[in-house]
Amino acid sequence: QVQLVESGGGLVQPGGSLRLSCAASGSIFNIYVTSWYRQAPGKQRELVATITSGGTTIYADSVNGRFTISRDNAKNTVDLQMNSLKPEDTAVYYCYTVAGAIRGRYWGQGTQVTTI
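Residues numbered from 1 in each chain as written. Predicted model: local features only at pLDDT ≥ 70, side-chain atom pairs only at ≥ 80, totals over all residues. Heavy atoms only, no water.

Draft legend 1. The arrangement of the overall build of the protein chain in detail. Counting its regular elements, the protein chain contains zero helices and eleven strands. Relative to the compact-globule value of 13 Å for 116 residues, the protein chain shows a C-alpha radius of gyration of 14 Å, a close match. Projecting the C-alpha coordinates of the protein chain onto the three principal axes gives extents of approximately 40 × 25 × 20 Å. The buried share among the 116 residues of the protein chain stands at 41%. (Helix = DSSP H or I, 4+ residues; strand = E, 2+ residues; numbered from the N terminus. Rg over C-alpha atoms; globule rule 2.2 N^0.38 Å. Buried < 20%, exposed > 50% of the residue type's maximum accessible area, 1.4 Å probe, protein only.)

Here it is in structure tokens:
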């Protein structure tokens, strides 16, 4: 089992910045990918950014150039630096990872980001 805990959400004005962090614990060997998703009220959950075990990063078009995903293997954390925030970035942000010998899929509890 892998436990994921997100932190760093909050309220920010348009144009501002926030940094989200996802801390992993438990059976955290063989982490294949870690992603950030978000879900706005009344909308489907969508992929924001992904980082693979090899360090490859992938971004949604809507955040490319504004958000940066990074990983600290020593701390077992994956961060999402969000700059130039817009009202449409308002959502609950979730951390997601695929890990372990059986490639289990794990979600965090989410953290609210509000841009107004």
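Draft legend 2. A look at the nonpolar core. Counting residues in hydrophobic clusters, the biggest one holds 24 residues, and the most contacted among them are Trp36, Val48, Phe67, Leu80, Met82 and Tyr93. Of all the elements in the fold, those that place two or more residues in this core are strand 1 (2-7), strand 3 (18-26), strand 5 (46-52), strand 7 (67-72), strand 8 (77-82) and strand 9 (91-99). If we ignore the near neighbours within four places in the chain, the residues touching Val48 are Trp36, Tyr37, Arg38, Ile58, Tyr59, Ala60, Val63, Phe67, Leu80 and Tyr93. (Core = buried A, V, L, I, M, F, W, Y, C linked by side-chain atoms within 4.5 Å. Contact = heavy atoms within 4.5 Å.)

Draft legend 3. Here's a closer look at the pairing of strand 1. Only one face of strand 1 is covered, namely the face carrying Val2, Leu4 and Glu6; the face carrying Gln3, Val5 and Ser7 is uncovered. One ladder, built from six bridges, connects strand 1 with strand 3; its direction is antiparallel. Counterpart to Gln3 in the pairing with strand 3 is Ser25. (Pairing = 2+ DSSP bridges.)

Draft legend 4. Main features of the sheet that holds strand 3. The sheet built from four strands is open, its strands ordered 1-3-8-7 with antiparallel pairing. Lying at the two open borders of the sheet, with one neighbouring strand each, are strand 1 and strand 7. Put simply, the sheet's adjacent strands are angled 15° from each other on average, direction ignored. The sheet contact formed by strand 7 and strand 8 spans six bridges and is antiparallel. Across the sheet, the residue bridging to Ile69 is Leu80, located in strand 8. (Axes fitted to C-alpha atoms, helices over the stretch in contact; angles between N-to-C directions.)

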